[in-house]
Amino acid sequence: MNRREFIATGGALIVSFALPVWGQKLPGALDKEPLLDAWLRVGADGRITVFTGKAELGQGIKTAILQIAAEQLAVDMNAIELVTADTALTPNEGYTAGSNSMKDSGTAVLHAAAQAREILIAEAAKRLGVPAGELSAQAGEVRTRDGRRVAYGALVQNELLHVRAAPQSKLIARIADRKYMGKPVARVDIPAKVTGGAAYVHDLRLPDMVHARVVRPPSYGAKLKSVEMEPVAKMAGVLKIVRDGSFLAVVAAREWIAVQAMRALRTHAQWEETRKLPRDVYATLAQLPSQDSVIAGADAQPPQGARLLQAEYRRPYQLHGAIGPACAVARYENGALTIWTHSQGVYPLRGAISELMSMAPERVHCIHLEGSGCYGHNAADDVAADAALVARAVPGTPVRVQWMREDEHAWEPYGPAMITKVRAALDASGNVAGWQYDVWSNTHSSRPGKAGELAAAWSLERPFPPSPPRPIPQPEGGGDRNAIPLYKFPATRVTHHFIPEMPLRVSALRALGGYMNVFSIESFVDELAGAAKADPVAFRLRQLDDPRARDVIRFAAERFGWDAYKKQNGRGRGFAFARYKNLAAYCALAMEVEVQRETGELRVLRVVAAVDSGEAVNPDGIRNQIEGGILQSLSWTTFEAVMYNDARITSRDWGTYPILRFSHVPLAMEVHVIDRPGEHFLGTGEAAQGPAAGALANALAHASGVRVRELPFSPRRLRVTLNA
Amino acid sequence: MISGVALLTALAIVTGFSGCASRGAIAPGAQPQSFPRGQVAKGAELAHLGNCLGCHTAVDGKPYAGGTPIKTPFGTIYGTNITPDADTGIGRWSLEAFTRALREGVDRDGRHLYPAFPYDHFTKVTDEDIAALYAFLMTREPVRQENRTNRVPIPRAFVGVWKSRYFTPGVYQPDSSRSAEWNRGAYLVQGLGHCGACHTPRNKLGAEEKDAAFAGGEVERWHAPALNAASPSPVPWTVEALQQYLRHGIADLHAMSAGPMQEVTHDLSKVADDALRAMATYIVSLDTRSDAERRQHAAAALERAGKMRAMQGNTIYDGACADCHNRGRAEEGGALELPLGTALTVPTPRNLAYIIRDGIVPPEGERGSWMPAFAGMLTNEQLTDLLIYLRALSGQSAWPDVAREVRNISRGDQ
Amino acid sequence: MKLDVNGRAHEVDADPATPLLYVLREDLKLNAAKFGCGLGQCGACTVLADGEAIFSCITPLSVVQGRRITTLEGLGTAEKPGPMQRAFIELQAAQCGYCIPGMMMRAQALLEHKPAASEAEIRAALQPNLCRCGTHMRIVRAAVRAGELMRGKS
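Everything quoted here is computed from the prediction, not taken from an experiment. (Residues numbered from 1 in each chain as written. Chains lettered and ligands numbered in written order. Predicted model: local features only at pLDDT ≥ 70, side-chain atom pairs only at ≥ 80, totals over all residues. Heavy atoms only, no water.)

Participant: It is not clear to me how the packing of helix α16 (residues 380-393) of chain B against helix α17 (residues 402-410) of chain B should be interpreted in this structure. Could you clarify?
Facilitator: All names here are of chain B. At their nearest, the axes of α16 and α17 sit 9 Å apart, and the two run at 130° to each other. The pairing of α16 with α17 is recorded here as oblique in orientation. Considering the relative orientation of α16 and α17, their crossing is right-handed. Along the contact surface, α16 presents N380, L383, T384, L387 and I388, while α17 presents V402, A403, V406, R407 and S410. For the contact of α16 with α17, the per-class residue count stands at six nonpolar, three polar and one charged. (Axes fitted to C-alpha atoms, helices over the stretch in contact; angles between N-to-C directions. Helix = DSSP H or I, 4+ residues; strand = E, 2+ residues; numbered from the N terminus. Parallel < 35°, antiparallel > 145°, perpendicular 65-115°, else oblique. Left-handed = near helix turned anticlockwise from the far one by under 90°. Contact = heavy atoms within 4.5 Å. Nonpolar A, V, L, I, M, F, W, Y, C, P; charged D, E, K, R; others polar.)

See the structure below:
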């Protein structure tokens, strides 16, 4: 039974479509889905179900939402069942992305739960004839002062919670009153993950399920000229070969047979390939036509001042590279399709799949189950499309498809290659007198919503072309995310050069352009501080007004021991700061590195970070996200670049795309959370990547005396650059 | 080892000490001065060519600061600090002292150096190249790190005896009957590259057997294959293939470089192509077999490689190896057909056993082909069976007592 | 084929060349060992054979017949977690968690051989395993903690 049906059978038929609320804006995602019972329901038996359209990606969102709901409903966390992203059950919250889950869904649940609690208390007051002010909610009951109790379940008749949310809520806000919010509550998903429980879509085993593998084309746009299917069709255990144009897949009863059959099929396939990958991507990006928009300081003049400095920074294509390749299970039965997926957006995926399959959206049901690490738009949607296409060829039988390592490396949409150029002037007192910043980038979102965003759709006999790429508008921004400095630089002019044509497939990778822009800005701010003979931390502080920004910077510097730092040969310290998207969490960090000039080996010794995520619902969850963001960024920044020749991607495994291993993990890392109870939740999952890259660049420059402006700082590059 | 010392003692008595005494000290030179950029860059390339880091940098140590244990049959010698630190490195060494060390095998104080430092090769290096190396080393970051005391029960004086018998100083003399490229290759291979230090067998006193040059030797318990007409390479080397191998550690129809050679090819990847080509030219010329014989040899190996795909082999191979090695490199994820593998052809199963156990993994943060480590997966008996089976693929006679080698290796023999 | 997994004997009908990973997941319905690369490069599939950590994705059934296989499921359950599992829960050492079972098994192999292994030894032992979420600091701390729990420290 889906949510609409549930409502319809509750008694009188009630119009349950959300009408726009004129006037005051509702908090968080309530503004889009204002009905309280879209977010939570109390059964007659007292069972509480909370719904979120956001998905668990290992970021701990389930736990944080349960903490919020339990706190505001005054029930035990264990008493709540949480339903996440499911097109039949939960609100449509688009994508779980942009570090927006707490801001959108967390805020919605916070207010929905608080308002539901007050409605339950008011209902109890009516029934008991006691003023509401004399009642309290505790452990799933409303209690009077004289010890009478009414269970929530007994209060919820007549669609009690089927009401529109109010703009204001009476929140349980006092720290002393709180049981869950602000506490490092243990994550609810971890026990299954560390004991072999079924935790991922990869672990889903449906009765009679079969396995499929797709023979992906060897390169972008390759056409299947011919394929000899017979020898593979005859292999024991092979059930079916599916071909639609250049889309080629094989179904087998067992997974290993599917893998072997896919490889065999690959050797029997002839492809026509095109050779059009760029030889020098930076030269190519500079030449491709761009749509230019001035996103800050339209009237500002080019910088003029006592001293003019400029620099150019480069970032290569980089992988999401989840450890587990993408996976999906699909079943096509009686003209309806069910897909279990780790997509970040079950509703947009439903839209894309229904177009791909020419089915009505109502006939497609997408259910989120966790996948291996999600760092943006990876192959989750693509593999769901593969599973859907194959499932239709074996009606009634559930099909599990997992990509191979080489599929994931060669076909996932990468984080885009980018170029930034910055020019700035220093005045006589060593402050920035003007700042001109330009960023060139492809799109940072080619997410589905349309069939043309699914890899399989390009290969079909009747292909779906990709939708025209679009920039993500400010204030969030895509390639220009975080391109506007938070510093109070006068005469700032920032231009986004959006390049529609994509030499390689790209989309959202954690922090989007924020990673590169913060790397560039924070590198250049250090270069300016050096030119002004100023301490990098002091230089930042004297050009920043935002008190919360100043707080994280001072906190990180102090805990690192910035002022007392003694430079040793071959070692150096670096600092960087950003507020993610200029509207989410603040993060500052300092690190110490060691570099070997001869070998080009760069090691991070110690990192100290400070973060302000507004009200900290789960401080340990925030620390975990920041630690992860730092380490992932160290991996990107030190090692990572996708390699390719004129036709094919040549980074096809972890040997040809090396990433961080334990030998390069810092010896020590501290993350300090500055809690701000009562402040808005600020997204944290992408707050550390940019600052970590900036601090690493600055520490490398301090250690070696050489400023490296092209990523990554691989041993190969450093051997050359540091000895040039 | 005992017999080596005894022999050396006897030799000392027979030869007497005349002519092999230590040399005088050379006064400390000025502290490191500046050098032309081009000279330093040239020195850097030469340092890579000579794999100086290999002996002069300890695991996790500072580059060129020494401390690397070098295990010889005569005891353990530690690579010395060759950074320009004045007290613990070579900061007080003048160019003259540095040149004398390479040319004559004595330190600045005039003491004999143990021949673990391959001055029997470095003596061939020209003054110009030595000066470039000197410029490079003197511009490195000085590292204060005391040298470790060698554990060799042989007095330095005996080294003098050894040198008088086995060491001929002198710069490389070109062979006018050969091309300039050949001569350059010979100069680099015999000199700074010191290839013979591993690839030439040594006598009981640790000296290279001059009349068996490049006939294959031992290093760190690995076998360094012969480079002359006895080369065991299934497909004989061509200049192009060897140049590719020296640059990338991998070449078509040949196995990846492994073991001690991996570090060498990694270093050589930083050396200019013309130098590598010259080296390859010279090394390939050492294989004096006729072209017809070489072609026949290659054809036979390629035939075995072809046959193998159809071969119903050992179940371990089928499960653990065939998944990649039966597909060949042309296929996605495929690897070299094992009849083309060098490790199957050398006189000992150790190379192959180490490769199976540890895999061949690119250096940290570098890109490269990847053979996974199978450590722990196979029991000693299974590994023995697999080695015997693989050896048969090479078309060569069986290895003696594979089981014993496998047991030794599993007991921690590195 | 006869397999001894987590102390129980299993009879499996599969080709002897099938990698152990697929049999653990498909025939024995065990979830912990994960497919990551199929190339022995990432360690997500790590299990123990006679106490040694191995990549189950490249280990054929033929070589592990009759040997003692241990997967993460063999170290305890969600209700009764073993020391390694208690340590990972205590330190909240997971983000997406996909790599974690492999990490835990590699740490287990080390600590079974050497219960008092140092942090440096733990880091070195974990080198073959990749984590993409950046949970490394917590993984190391949890493995150190597991050693303490195994040695009876609470």
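There's plenty left to go through after this.
Participant: Can you help me understand the pattern of salt bridges in this one?
Facilitator: As a working rule, side chains carrying opposite charge can pair if their charged atoms are close by. Residue and element names in this part refer to chain A. One pass over the full model with this rule turns up 83 salt bridges over all chains. The shortest N-O distance in the salt bridge between K126 and E123 comes to 3.5 Å. One end of the pair is K126 and the other is E123, both in helix α3 (residues 101-128) and three residues apart, which spans about a single turn. Look at K126 and you get exposed, because its relative accessible area is 66%. The buried category is assigned to E123, whose relative accessible area is 14%. (Salt bridge = Lys/Arg side-chain N within 4 Å of Asp/Glu carboxyl O. Buried < 20%, exposed > 50% of the residue type's maximum accessible area, 1.4 Å probe, protein only.)

Participant: Help me out: how do you make sense of the pairing of strand β4 (residues 52-55) of chain C in this one?
Facilitator: Side-chain positions along a regular strand alternate between the two faces of the sheet. Residue and element names in this part refer to chain C. Inspection of the sheet shows strand β3 (residues 46-49) paired to β4 by four bridges, in the antiparallel sense. Within the sheet, the bridge partner assigned to T46 lies in β4 and is F55. Joining the antiparallel neighbours β3 and β4 is a turn of two residues, in which D50 adopts a positive phi near 50°. (Pairing = 2+ DSSP bridges.)

Participant: Help me understand the interface of chain C and chain A, please; the structure alone is not making it clear to me.
Facilitator: The parts lose accessible area when they come together, and the size of an interface is often stated as this lost area. Contacts between the two partners involve 58 residues from chain C, matched on the other side by 66 residues from chain A. Along the contact surface separating chain C from chain A lie six salt bridges. Where chain C packs against chain A, one counts 39 residue pairs in polar contact (both at pLDDT 80 or more). Of all the elements in the fold, those that place two or more residues in the side of chain C that touches chain A are α1 (20-27), α3 (83-90), α4 (100-113), α5 (119-125) and α6 (136-150) of chain C. It is α6 of chain C that contributes the most residues to the side of chain C that touches chain A, six residues altogether. In terms of residue class, the side of chain C that touches chain A is made up of 31 nonpolar, 15 polar and twelve charged. (Polar contact = N/O pair within 3.5 Å; in protein donor to acceptor, adjacent residues only side chain to side chain.)

Participant: Teacher, can you tell me more about the packing of aromatic side chains here?
Facilitator: Given two aromatic rings, one states the distance between the centres and the angle between the planes to describe the pair. A complete count under the given rule lists 29 aromatic pairs over all chains for this structure. A cation sits over an aromatic face here: R447 of chain A above Y95 of chain A, 4.9 Å from the ring centre. (Phe/Tyr/Trp six-rings, centres within 6.5 Å; stacked < 30°, edge-to-face > 60°. Lys NZ or Arg CZ within 6 Å of the ring centre and 35° of its normal.)

Participant: Whenever I open this one, the side chain of E527 of chain A confuses me. Can you help?
Facilitator: With respect to the helices and strands, E527 of chain A occurs in helix α12 (residues 513-531). Contacts of E527 of chain A, omitting those with residues within four sequence positions, involve L309, A311, Y313, R707 and R709 of chain A.

Participant: Sorry if this is basic, but what is going on with the domain arrangement of chain B here?
Facilitator: Residue and element names in this part refer to chain B. Along its sequence, chain B is carved into domain 1 (2-166), domain 2 (180-286) and domain 3 (307-410). At the junction of the two partners, domain 2 supplies 19 residues and domain 3 supplies 22 residues. At the boundary of domain 2 with domain 3, total buried surface from both sides reaches about 1,700 Å², with 64% on carbon and sulfur atoms. Together, W222, H223 and M256 form the three largest contributors to the area buried by domain 2 at its contact with domain 3, with a combined 30%. At the boundary of domain 2 and domain 3, one finds one salt bridge. The residue R350 makes a salt bridge to E218 at a minimum N-O spacing of 3.2 Å. Where domain 2 packs against domain 3, one counts seven residue pairs in polar contact (both at pLDDT 80 or more). (Domains from an automatic or database assignment. Buried area = accessible area lost by both parts, 1.4 Å probe.)

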